[in-house]
Amino acid sequence: MEQQSTFDVALLGCGNMGAALGRALLGAGYRVIAWNRSPEKAQALEPDGARSAETAAEAVGSARTTVACVRAYDDLEKVLATVDMPAGHTLINVTTGAPDDADRLRQWAETQGVRYLDGAILAFPEQIGSPACQLLVAGSPEVWESHGDLVRAMGGASRHVSANANGANVLDLGGVGAFYGVSILGFIEAARYVTACGVSVDELMLVARQLDQILHAAQQQCVDTLTSGDYSTDQATVDVYHSGSLTFRDTMAERVGPAPMIEAAAGLLARGVDAGFGKESLYALYKLYQNRDANQAVAQGQ
């Protein structure tokens, strides 16, 4: 079909995050046509300057670029099946998913002659459009170069992270799923213990702020260690961390019952000791994951 570029962006998905993306684009001067499975959510953007479309095909067919932010990749693929996306059109997909999802959609885009970028949003809806908001974007560097300004209108600190379309989802899974998510769960567990002991959670927050600075330094040490392969240390060793974790685990369990996050940490440290890493730095635990058998044993809690 011949593309009618009446609009700069077709927005597919107008939930809390999608609507925030749409408003940021409108605020930056982009012409936006919006579609949502529930029409009233797209219509809610009309006072901000958007036009609502009755169908996804109408939205995509009248814009140069599509930004997709729906519940899941499966949902997006069902929507795309109803759309005759013009060859040369650009699809920027910031739906949350796994690396394999991004690879699958990239392959679909290639068969359609569509330019594709895949992204992950490191922000809450209220942060969208701010200078510090960051979208991680992966895919063709050339497509990123021509659409970077549009993406940065949604998040000023947005950056291109990989030529592989799955790169943003890899970082999202590692950064949000494995790191941020576990950190928040650990903080909840800590708050449970602290408040049970009669100490204000506000005081815990002040401690956490101080630990943030230490954590940043530890992260850099970890990166340096993994790069060099030198796990020696003049600081606390795996043995020391293991001993401390047992004290923390037992004390918390006595006061508030099972503490699954610290129990998991103690178990991983115990495996590090058993593997002979006790005199090395904490980052030596990375070696537990360096072969498939050890990784499976960790996953199964053996």
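Going by the structure above, here's the rest.
A few points on the structure.

Topic: the overall build of the chain
Piece 1. For the chain, the count of helices and strands is eleven helices and eight strands.
Piece 2. C-alpha extents for the chain along the principal axes are approximately 65 × 45 × 30 Å.
Piece 3. Buried positions account for 41% of the 302 residues belonging to the chain.
Piece 4. If you take every contact in the chain between residues at least 6 apart in sequence, the share linking residues at least 24 apart comes to 63%.
Piece 5. For the chain, the computed accessible surface area is about 15900 Å², with 54% contributed by carbon and sulfur atoms.
Piece 6. Averaging the coordinates of the 21 positive side-chain charges in the chain and doing the same for the 35 negative ones gives two points 2 Å apart.

Brief notes about helix α9 (residues 238–256)
Piece 1. For α9, which comprises 19 residues, the first-to-last C-alpha distance of 26 Å matches the rise-based estimate of 27 Å (1.5 Å per residue) to within 8%.
Piece 2. For α9, the full list of buried residues reads Val238, His242, Gly244, Ser245, Met252 and Val256. Projected onto a plane normal to the axis of α9, the buried residues spread over an arc of 165° and lie on a single side. Turned more than 90 degrees off the buried face of α9, the exposed positions are Val240 and Glu254.
Piece 3. Packing partners of the buried residues in α9 comprise α7 (167–196) and α10 (260–274).
Piece 4. Among the residues trailing α9, Gly257 stands out with phi positive, at a value near 95°.

Some thoughts on the state of the cysteines
Piece 1. Tallied over the full model, the rule gives zero disulfides.
Piece 2. The cysteine Cys14 is free of any disulfide, with Cys69 supplying the nearest cysteine sulfur at 9.2 Å.
Piece 3. Taking the relative accessible area as the measure of exposure, Cys14 reaches 4% and is therefore buried.

Here's the deal with the sheet that holds strand β2 (residues 32–35)
Piece 1. Reading across the sheet, the eight strands line up as β3-β2-β1-β4-β5-β6-β7-β8 and stay open at both edges, with mixed pairing between neighbours. Of all the strands in the sheet, just β3 (51–52) and β8 (159–162) have a single pairing partner and so form its edges.
Piece 2. Here strand β7 (residues 134–139) runs beside β8; their pairing, made up of three bridges, is parallel. Paired with Ala138 across the bridge in β8 is Ser162.
Piece 3. Helix-sheet contacts for helix α6 (residues 141–154) involve β1 (7–12), β4 (63–68), β5 (90–93), β6 (115–122), β7 and β8, and the interaxial angle to β6 is about 40°.

Quick look at the packing of α7 against α9
Piece 1. The geometry of α7 relative to α9 is characterised by a closest axis approach of 10 Å and an angle of 60° between their N-to-C directions. Judged by the angle between their axes, α7 and α9 are oblique. Crossing geometry of α7 relative to α9 is assigned as left-handed. Here Glu189, Arg192, Tyr193 and Ala196 of α7 come into contact with α9, specifically with Thr251, Met252, Arg255 and Val256.
Piece 2. Split by residue class, the contact of α7 with α9 holds four nonpolar, one polar and three charged.

Focus: the side chain of Ser158
Piece 1. When you line up the elements, Ser158 lands in the loop between α6 and β8.
Piece 2. For Ser158, the residues in contact, after removing those within four places along its chain, are Cys133, Gln134, Leu135, Trp144, Val151 and Arg152.

Quick notes on the pattern of salt bridges
Piece 1. In the structure shown here, the tally under the stated rule is 13 salt bridges.
Piece 2. Residue Glu77 is joined to Arg104 by a salt bridge in which the shortest nitrogen-to-oxygen separation is 2.7 Å. With a gap of 27 residues between them, Glu77 in helix α4 (residues 73–80) and Arg104 in helix α5 (residues 99–112) connect regions that are remote in the sequence.
Piece 3. Overall, Glu77 belongs to the partly exposed group, its relative accessible area being 24%.
Piece 4. One salt-bridge network, in which partners are shared between bridges, spans Asp74, Glu77, Asp101 and Arg104.

Comments concerning α10
Piece 1. A rise of 1.5 Å per residue sets the reference length of α10, with its 15 residues, at 21 Å; its end C-alpha atoms lie 21 Å apart and thus fit the reference within 8%.
Piece 2. Within α10, burial applies to Ile262, Ala266, Leu268, Leu269, Arg271 and Gly272.

Regarding the layout of surface pockets
Piece 1. Estimated volume of the second largest pocket: approximately 760 Å³.
Piece 2. Forming the boundary of the second largest pocket are 29 residues, of which Ile121, Leu122, Ala123, Asp172 and Val176 lie nearest the centre.
Piece 3. Those elements that place two or more of their residues in the lining of the second largest pocket are β6, β7 and α7.
Piece 4. A total of nine residues in the lining of the second largest pocket trace back to one element, the largest contributor, which is α7.
Piece 5. Classifying every residue of the lining of the second largest pocket gives 18 nonpolar, nine polar and two charged.

Rules of the game
- Every chain is numbered on its own, with residues counted from 1 as its sequence reads.
- Note on the predicted model: pLDDT of at least 70 is required for a residue's local features to be given, and 80 or more for side-chain atom pairs to be given and counted; whole-chain, interface and lining totals, by contrast, use all residues.
- Hydrogen atoms and water are omitted, and side-chain values are computed over all heavy atoms in the structure.
- Only DSSP runs of H or I with at least four residues qualify as helices, and only runs of E with at least two residues qualify as strands; both kinds are numbered from the N terminus onward.
- Partly exposed describes any residue whose relative accessible area lies between the buried limit of under 20% and the exposed limit of over 50%, with all areas from a 1.4 Å probe on protein chains only and scaled to the type maximum.
- Contact definition: two residues touch when any of their heavy atoms are within 4.5 Å.
- The accessible surface values rely on the Shrake-Rupley method and a 1.4 Å probe; as for residues, cover is taken only from the protein chains in view.
- Charged residues are defined here as Lys and Arg on the positive side and Asp and Glu on the negative side; His and the ends of the chain fall outside this count.
- Lysine's charge is taken at NZ, arginine's at CZ, aspartate's at CG and glutamate's at CD.
- An expected span of 1.5 Å times one less than the residue number is assigned to each helix.
- Think of it as the arc spanned by the lines of direction from the helix axis to the C-beta atoms.
- Criterion for a disulfide: a pair of cysteine sulfur atoms within 2.5 Å.
- When DSSP finds two or more bridges between two strands, those strands count as paired.
- Every axis corresponds to a line fitted to the C-alpha atoms, with the helix fit spanning only the stretch in contact, and the corresponding angles, defined between N-to-C directions, vary from 0 to 180 degrees.
- For classification purposes, angles smaller than 35 degrees are called roughly parallel, those larger than 145 roughly antiparallel, those between 65 and 115 roughly perpendicular, and all remaining angles oblique.
- Crossings are classed by handedness, with left-handed meaning an anticlockwise turn of the near helix from the far one by less than a right angle and right-handed meaning a clockwise turn.
- In this count, Pro and Cys sit with the nonpolar residues alongside Ala, Val, Leu, Ile, Met, Phe, Trp and Tyr, while Asp, Glu, Lys and Arg are called charged and the others, Gly among them, polar.
- Any carboxyl oxygen of Asp or Glu that lies within 4 Å of a side-chain nitrogen of Lys or Arg is treated as forming a salt bridge with it.
- We place a 1 Å grid over just the protein atoms. Points where a 1.4 Å probe fits but has no way out form a cavity, open points with protein on both sides within 12 Å along at least 5 of 7 lines form a pocket, and any residue with an atom within 4 Å of a point lines it.
- Grid points are joined across faces, edges and corners, and a volume is the space filled by probe spheres set on the points.

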